[in-house]
Amino acid sequence: MRRAMSILLLAALSVSCSSHGPKPVARAEPPSPKAPKAVHATYLRTNPAAIRECLAGEPWAECAWRLFIELNEPVTGTGTKVWETEFRQTSTVYLADGAAPPPWGQAGEPPDLPPIPPNGCVPPGVRHNLDTTIQVDGRDLLDKWRQPVRYQLLMNEPVFNYIVARQFYNVNGQELAAQKGQPADFPATSYELKTSWLWLGTDAAKCAEVTGKYYVVNAYYQKFDRDGQPAGWDVGYAALAGMHVINKSLPNWVWITFENVFDSQFTAAHLELPIAPEVQAENQSNQSNLQSQGSVFANYQLDGVQTTFTVGKSLNPTLLANSTIESAFQTQSSCITCHHLASIKPNGEYFNLAYTQGGNVHYYVGNPPDQTGYNFLDYVWSMKRAHRQRTTATHPDLIKREETSR
Amino acid sequence: MSVLSFPRIYFQGYLEWDVCTSNNNDYLPVYDAANAALDWGFLGQLQPPITPENFRDSFRPWAIEPYDDSCPISTAGESDSCSSDPSTHLPSRWNFYGGQGCAFIQHPANNATSKTVGGDLGYNRPASPSDPILGQPIQIIGNTIGGRVSPARLIDINPASPFCSQIYLSSFKAGDSQTSLGGAVSQRMYSRSFFVPRNIDQKLIIAGAIGAIFQTTIATASLQTAGNSPLATALVQAAQAANAAGVMLRFATYNTVYYQNGIFNDIPETPRNCAQLTALYKQGKVFINPAYSRVVGVLGVWNKGELATAPGGHMLVPNMPLAPVSSSSKATVRAAVPIGVIGHTALQFEPGADLSATTSSLPALAPGVIHAEVNAGAGIVSLDLQNAIPEFTLDADLQSDRYDYGTIDVGVQLPGGAFNLIGSFGYGQYDKTAYNAKGGLVDVPFGSGVTAQLISQWLGADNGVLALRAQGQILSLETPLTVETDDRGVYIDQGETQRISLQVRYKNALPPPGTEVFVFQYFPWMLKLGAGSWSLFDASPPPVSQDPGPVCNVLPASPFLDVPQFWLRVDSQGNAGFNITSKAPGFPILAYYPKPAPQVSVSFGFAKPPAVSIGTSFYSVARVLPFDDALVNEFVDCWNADGIYTGQPQYDRLQIWRFVYRNILYVYDMIFPVMDLFMPLGDLVRVEGAIDQLMVMITEDMEVASTLYMPVTRDLSAGKRLILETWGSLVVRKYPQEPLPPLQVSG
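Residues numbered from 1 in each chain as written. Chains lettered and ligands numbered in written order. Predicted model: local features only at pLDDT ≥ 70, side-chain atom pairs only at ≥ 80, totals over all residues.

## Side note on the overall build of chain A
When helices and strands are counted, chain A shows eleven helices and twelve strands. In chain A, the proportion of contacts linking residues at least 24 apart, taken out of those at least 6 apart, comes to 73%. (Helix = DSSP H or I, 4+ residues; strand = E, 2+ residues; numbered from the N terminus. Contact = placed C-beta atoms within 7 Å.)

Right, here's the structure in full:
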């Protein structure tokens with residue numbers, strides 16, 4: 001039923017474009033609102049070839065919007081969206097004790113999680129574990145209520161299966177791969193999401209303020225004391241501020257990010273990189289269509305799409321940032337470059353995202369630096385969230401290593 | 001010839017000082033600076049006591065509660081006391097949430113802008129007022145993080161002393177996107193040529209009476225320009241000449257005022273005194289409360305052989321105080337004249353002075369240090385009066401007026417007392433208008449019959465010295481032998497030896513053969529807080545009478561450094577150097593004397609030559625960082641569950657975090673709460689989440705010059721850095737279950 005709805009919806013929303021080019025920043029032809037609407041019979045999110053075909057044949061921004069809409073179906077109403085059930089939160093994969101995660105579909109919620117007091121914000125639904133407030137640069141972003149914006153990382157089933165198969169769910173497994181010189185190579189169907197959220201808690205006034213502007217979900221997070229020890233749960237509601245969508249339909253992955261158009265009114269950040277004209281045009285078109293349906297997703301915009309390290313054949317780096325996810329380093333934010341650095345040494349040391357030059361602290365952009373000595377993790381930085389398995393090793397290689405170290 | 005040559009670009013404006021003040025309390029020993037620790041001895045005596053067990057919850061609330069002075073008891077008139085009792089202050093002082101930033105400000109709402117205001121292509125060749133480099137904003141700029149610019153930083157080597165300030169910066173820029181001149185600077189700036197009292201309005205508090213000079217340079221290769229300014233082009237061309245090394249930036253800061261939110265910035269919280277500040281803090285408001293200084297400065301040529309950070313030329317020191325010959329009828333100042341400054345705190349006055357009495361009859365005051373160059377080609381003597389003429393403040397908006405000493409003669413005083421006149425200049429060349437328009441410089445043409453050759457003869461064969469004469473009295477007198485260094489501020493670690501290089505000049509030329517210099521080591525007095533003078537090791541400093549306990553009169557157990565105990569030979573190029581080796585944590589002052597008999601004590605305020613004050617001395621200040629090799633060993637034991645940690649959990653995340661926090665990070669977590677906005681240092685999850693950044697920001701490479709170095713105050717010892725680096729590696733590697741080998745602090 002969902003698939004049928006999706007096709008109809010996309011048929012209604014889609015527009016065709018006759019102009020195609022390899023560089024998103026160079027595209028300038030807006031889609032014609034009078035053009036005949038195409039019917040997309042294939043889901044992009046499960047078909048890398050379809051994405052490649054889309055990227056090759058349509059404006060990249062349109063492909064990104066198709067993905068975004070697919071992931072957020074049904075786009076109207078408060079019903080659970082596709083991504084909320086088809087993706088799994090990394091908190092259920094990289095377990096604190098480094099143990100193997102429960103099989104796909106059996107993650108469950110923490111047993112001691114209290115219920116969310118209803119306050120009329122949204123009906124009960126999937127509860128999201130918004131388990132961190134820390135951005136890549138180590139900082140947080142405060143919202144207008146002086147609460148930190150929260151984040152959640154998710155993966156689809158192919159990513160999960162690959163991580164389990166390679167025992168990448170703990171640092172020990174990643175170390176072993178590095179010791180053996182066996183880099184990661186995720187399947188082309190791999191997807192990850194990174195979402196950012198305004199924490200509303202159970203404050204009805206906050207809910208009222210974002211209603212109609214933001215997509216709101218049921219949510220929770222674990223609290224920690226100053227020494228990093230668990231200190232209970234906070235439950236409530238949260239509003240979707242931004243969403244990174246990445247997939248491996250291309251060897252260097254495809255990097256897409258959306259954010260809410262009201263974010264600068266609700267957070268201390270604003271988007272610093274310009275949105276390319278063709279992306280703006282695509283935003284306008286899709287927002288208009290979604291608005292006509294009464295969809296809250298009309299309030300989201302595509303910031304950009306990134307598939308290359310540099311612009312064309314030049315050495316000029318491509319940049320992409322979401323104001324709520326890379327808030328304080330937007331002008332040095334290159335998703336593709338940063339994620340290329342996802343790598344680990346045989347001793348478990350991850351590549352440092354930051355480097356210094358002339359007293360300045362930089363983040364890598366453009367062509368990646370030398371990573372000799374590190375084992376490639378195929379752009380999946382979420383693996384850095386893995387913990388070390390500290391119990392007696394059960395993996396034969398780990399046992400062997402322990403014996404050797406003795 | 002420095003900035004005293006041509007071309008020149010003049011600027012004026014305001015400098016914001018957003019320092020965090022809880023590490024430099026002048027009344028309470030909150031921070032044990034020498035050991036980079038909270039002063040547990042003092043805090044443990046409070047009621048209720050603040051201890052290593054409860055400080056995480058008790059220190060910050062206490063730091064924003066007014067508290068009676070411990071030592072010295074403040075009696076020095078109006079200060080930032082928290083009530084009518086002048087001896088009550090905030091333990092965190094006036095800017096608990098400061099981040100050490102400093103910047104020229106642009107706040108047009110109060111006409112508080114910092115801009116280029118004029119220039120000279122040559123003597124009597126002023127730049128066109130329409131030159132596009134004029135009227136442009138000026139900036140001192142810090143390093144970037146993730147593409148964002150950080151501010152320049154004010155860092156005192158000894159946080160309790162006002163005589164060793166440093167401005168760390170990355171670059172300077174005058175101009176906008178169309179027209180500009182600037183570039184990366186060669187090194188950080190140091191406060192020079194202290195002048196107290198420079199400003200004497202009775203409303204001035206804290207460091208309001210102090211003036212100082214800052215200087216740095218931009219090497220020719222680092223110069224960046226834009227636009228078509230004839231003045232900027234002329235300066236760049238001069239900076240590219242064969243004998244030039246680049247562009248020099250020199251400015252004076254003075255007339256510092258406090259509690260100015262809403263006036264020089266748009267911060268909504270606008271406390272005007274300590275009581276209001278306290279009330280806002282206790283409401284939970286988190287905001288900065290910077291101080292603001294007036295600035296007058298100049299950009300000129302940096303010539304080869306000139307130090308980057310020390311003004312050169314003939315150095316004239318104050319010879320006597322003089323009253324002004326006239327003053328504004330609005331002048332109303334405190335009748336008592338300050339004689340010095342205690343730390344960063346209130347002015348010092350003669351015992352028994354009536355601090356409530358005011359007068360419109362201005363007292364006799366000596367000028368500040370003056371640097372001079374004889375420009376033979378132009379037939380002038382150029383004087384740097386940036387920080388030389390006292391002022392009395394008329395209004396709270398910093399529009400101060402200056403002492404009118406009358407006409408001032410420039411000449412050469414001969415050994416017999418004769419004064420050979422070179423030229424003269426009137427008040428119109430050093431009053432407020434001229435001062436602001438000309439960067440504090442005055443060019444005095446040779447009088448009739450005076451030639452450069454004649455001046456050379458007076459200074460050379462006739463053995464005279466440059467002097468300024470006013471009202472028939474010698475106001476300023478050249479100190480012929482100067483000993484300056486770009487190693488003004490030195491950080492030295494446990495077991496480390498460093499070399500300090502000196503540049504010696506005699507009447508602004510190479511010194512005669514056989515010139516020697518002696519190095520004497522002083523300690524700051526008072527030792528633990530509010531250091532406003534120096535005391536020679538092995539001599540007794542003046543006791544502080546109010547000491548209620550072992551705070552004021554603590555003496556150092558031993559010298560902090562090993563320094564040469566012999567005369568330093570100066571080579572034919574005027575260079576000398578010596579090695580120092582660390583002995584004990586502390587803040588030694590190394591003073592350079594041309595004679596073997598040093599002053600036992602050196603203070604701020606006027607000192608009749610040949611006596612010296614801090615403002616007229618030649619010196620370096622060192623920070624001998626704590627010796628933490630024992631702590632390193634304990635860290636290893638903590639991780640390995642060895643030694644005193646035997647029986648404790650091995651390779652344990654929580655245990656090693658508590659060690660790192662309670663021995664290193666806790667100080668910065670307590671003293672610098674601004675870190676909560678970036679990297680809350682008391683929160684393990686947040687520190688772990690920023691470990692990549694922490695690891696690159698604590699490196700020695702960053703310490704040398706970056707405004708992003710952590711800790712920005714540069715009080716992290718080599719031992720503690722080694723611990724943090726090792727702990728960071730454990731964090732990055734997700735706490736591997738393997739023992740740490742013994743670690744060695746490199747010396």
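Once the structure has been displayed, the description carries forward.
## Comments concerning the overall build of chain B
Per the secondary structure count, chain B includes twelve helices and 44 strands. Within chain B, counting contacts between residues at least 6 apart in sequence, those at least 24 apart form 73% of the total.

## Considering the nonpolar core
Counting residues in each nonpolar core, the largest one holds 333 residues, and the members touching the most others are Leu198, Ala238 and Ala239 of chain A together with Leu235 of chain B. The dominant element in this core, judged by the number of residues it contributes, is helix α8 (residues 653-671) of chain B, at twelve residues. What Ala238 of chain A contacts, discounting residues up to four positions off in sequence, is His128, Leu130, Arg150, Trp197, Leu198, Trp199, Leu200, Val216, Val217 and Ala219 of chain A. (Core = buried A, V, L, I, M, F, W, Y, C linked by C-beta atoms within 7 Å. Buried ≥ 20, exposed ≤ 12 C-beta atoms within 10 Å, placed from the backbone.)

## Some words on the pairing of strand β10 (residues 148-156) of chain B
All names here are of chain B. With respect to burial, β10 is a largely interior element, seven of its nine residues being buried. Where strand β6 (residues 101-104) lies against β10, two bridges are found, and the strand directions are antiparallel. Across the sheet, the residue bridging to Cys102 is Ala152, located in β10. In this structure, strand β9 (residues 138-145) lies alongside β10, joined through three bridges in antiparallel fashion. When the sheet's bridge partners are listed, Ile141 is paired in β10 with Pro151. (Pairing = 2+ DSSP bridges.)

## Some points on α8 of chain B
In this model, α8 of chain B (19 residues) spans 25 Å end to end at C-alpha, consistent with the 27 Å of a helix rising 1.5 Å per residue. Along α8 of chain B, the sharpest kink reaches roughly 65 degrees, centred on Leu665 of chain B. (Expected span 1.5 Å × (residues − 1). Bend = angle between axes of the 7 residues up to and from the residue.)

## Observations regarding the sheet that holds strand β41 (residues 575-582) of chain B
Consider a sheet: its strands pair through backbone hydrogen bonds, and that pairing is either parallel or antiparallel. Strands sit in the order β34-β36-β41-β39 (chain B) across an open sheet of four strands; the sheet is antiparallel. Edge positions in the open sheet fall to β34 (481-484) and β39 (561-562) of chain B, since each of these has one partner strand only.

## A few points about the interface of chain B and chain A
In this complex, chain B contributes 38 residues to the contact, which on the side of chain A involves 30 residues. Of all the secondary structure elements, the ones that give two or more residues to the side of chain B that touches chain A are β9, α8, α9 (684-689), α10 (691-697), α11 (700-705) and α12 (718-732) of chain B. Take the side of chain B that touches chain A: its biggest share by element is five residues, from α10 of chain B. Of the residues in the side of chain B that touches chain A, the class split is 17 nonpolar, twelve polar and nine charged. (Nonpolar A, V, L, I, M, F, W, Y, C, P; charged D, E, K, R; others polar.)

## A few points about the sheet that holds strand β20 (residues 314-318) of chain B
Residues and elements named next belong to chain B. Spatially, β30-β29-β32-β33-β20-β25-β26-β31 is the arrangement adopted by the eight strands of the open sheet, whose pairing is antiparallel. Both edges of this open sheet fall to β30 (419-425) and β31 (441-445), since each of them pairs with a single strand only. Averaged over all neighbouring strand pairs, the angle between strand axes comes to 30 degrees, with direction disregarded. Both β20 and strand β33 (residues 473-478) contribute to a ladder of three bridges, which runs antiparallel. The residue of β33 that forms the bridge with Val317 is Leu477. (Axes fitted to C-alpha atoms, helices over the stretch in contact; angles between N-to-C directions.)

## With respect to the environment of Arg488 of chain B
Residues and elements named next belong to chain B. Along the chain, the position of Arg488 falls in the loop between β34 and β35 (489-492). Expressed as a C-alpha distance, the spacing of Arg488 and Ala310, which sit 178 residues apart in the sequence, is 8.8 Å. Apart from residues no more than four positions distant in its own chain, Arg488 is found in contact with Tyr190, Thr309 and Ser620.

## Here we look at the environment of Lys507 of chain B
Residues and elements named next belong to chain B. Relative to the elements of secondary structure, Lys507 occurs in the loop between β36 (497-506) and β37 (516-525). Taking C-alpha positions, Lys507 is 7.7 Å from Thr479, a pair spaced 28 residues apart along the chain. In this view, Lys507 contacts His314, Leu459, Val465, Glu478 and Pro480; residues no more than four positions away in its chain are not counted.

## A short note on the confidence of the model for chain A
All names here are of chain A. Residues with a pLDDT of 70 or more make up 86% of chain A, whose mean pLDDT is 88. Segment residues 1-39 is flagged for pLDDT under 50; beyond a separation of four residues in sequence, or across chains, it makes 60 contacts in the model. Residue range residues 401-406 is modelled with pLDDT below 50. Its contacts to residues more than four positions away, or to other chains, number two contacts. (pLDDT = per-residue confidence, 0-100.)

## Side note on the environment of Ala386 of chain A
All names here are of chain A. The topology assignment puts Ala386 in the loop between β12 (375-376) and α11 (396-405). With 24 C-beta atoms packed within 10 Å, Ala386 lands in the buried category. In the structure, Ala386 is positioned 217 residues away from Tyr169 in sequence and 5.7 Å away in space, judged by C-alpha atoms. Other than its neighbours up to four places away in sequence, Ala386 contacts Tyr94, Phe168, Tyr169, Asn170, Val171 and Gln174.

## Let's talk about the packing of helix α3 (residues 60-71) of chain A against helix α9 (residues 277-292) of chain A
All names here are of chain A. Interhelical geometry of α3 versus α9 gives an angle of 40 degrees and a closest axis separation of 9 Å. Compared by their axis directions, α3 and α9 come out oblique. Our pair here, α3 against α9, has a crossing hand that is right-handed. Where α3 abuts α9, its residues Ala61, Glu62 and Trp65 lie against Glu278, Val279, Glu282 and Asn286. Across the contact of α3 with α9, the residue classes break down as three nonpolar, one polar and three charged. (Parallel < 35°, antiparallel > 145°, perpendicular 65-115°, else oblique. Left-handed = near helix turned anticlockwise from the far one by under 90°.)

## Some thoughts on the pairing of strand β44 (residues 619-624) of chain B
All names here are of chain B. The element β44 is largely enclosed, with a buried count of six among its six residues. Along β44, one buried face is formed by Tyr619, Val621 and Arg623 and the opposite face, lined by Ser620, Ala622 and Val624, is buried too. Note: β35 against β44, four bridges, orientation parallel. Its bridge partner lying in β44, Gly489 is registered against Val621. Looking at chain direction, strand β42 (residues 589-593) and β44 are connected through three bridges and run antiparallel. In the sheet register, Leu590 faces β44, and the bridge partner there is Ser620.

## Details of helix α3 (residues 230-239) of chain B
Residues and elements named next belong to chain B. Along α3, seven of the ten residues are buried, which leaves the element largely enclosed by surrounding structure. Listing the buried residues of α3 in full gives Leu231, Ala232, Ala234, Leu235, Val236, Ala238 and Ala239. Where the residues of α3 are buried, they touch β1 (8-18), β7 (115-122), β13 (180-184), β17 (223-226), β18 (244-257) and β19 (291-303).

## Quick word on unusual backbone geometry
Residues and elements named next belong to chain B. With an omega of 5 degrees, the peptide bond running from Trp525 to Met526 counts as cis. Locating Met526 in the fold gives a position in the loop between β37 and β38 (533-536). Cis peptide bonds are those with omega within 30 degrees of zero, and the linkage from Met710 to Pro711 qualifies with -5 degrees. By secondary structure assignment, the location of Pro711 is in the loop between α11 and α12. The backbone of Tyr259 shows a phi angle near 55 degrees, a positive value even though the residue is not glycine. Here Tyr259 lies in the loop between β18 and α4 (274-282).

## Quick word on the packing of helix α7 (residues 629-640) of chain B against α12 of chain B
Residues and elements named next belong to chain B. Two numbers describe how α7 lies on α12: the axes approach to 8 Å, and their chain directions differ by 20 degrees. In terms of orientation, α7 lies roughly parallel with respect to α12. Classified by chirality, the crossing of α12 by α7 is right-handed. Where α7 approaches α12, its residues Asp629, Leu631, Val632 and Phe635 are matched on the opposing element by Gly719, Lys720, Leu722 and Ile723.

## Comments concerning the confidence of the model for chain B
Counting all residues, the mean pLDDT for chain B is 93, and 96% of those residues have values of 70 or more. With a pTM of 0.93, the predicted complex shows an ipTM of 0.93.

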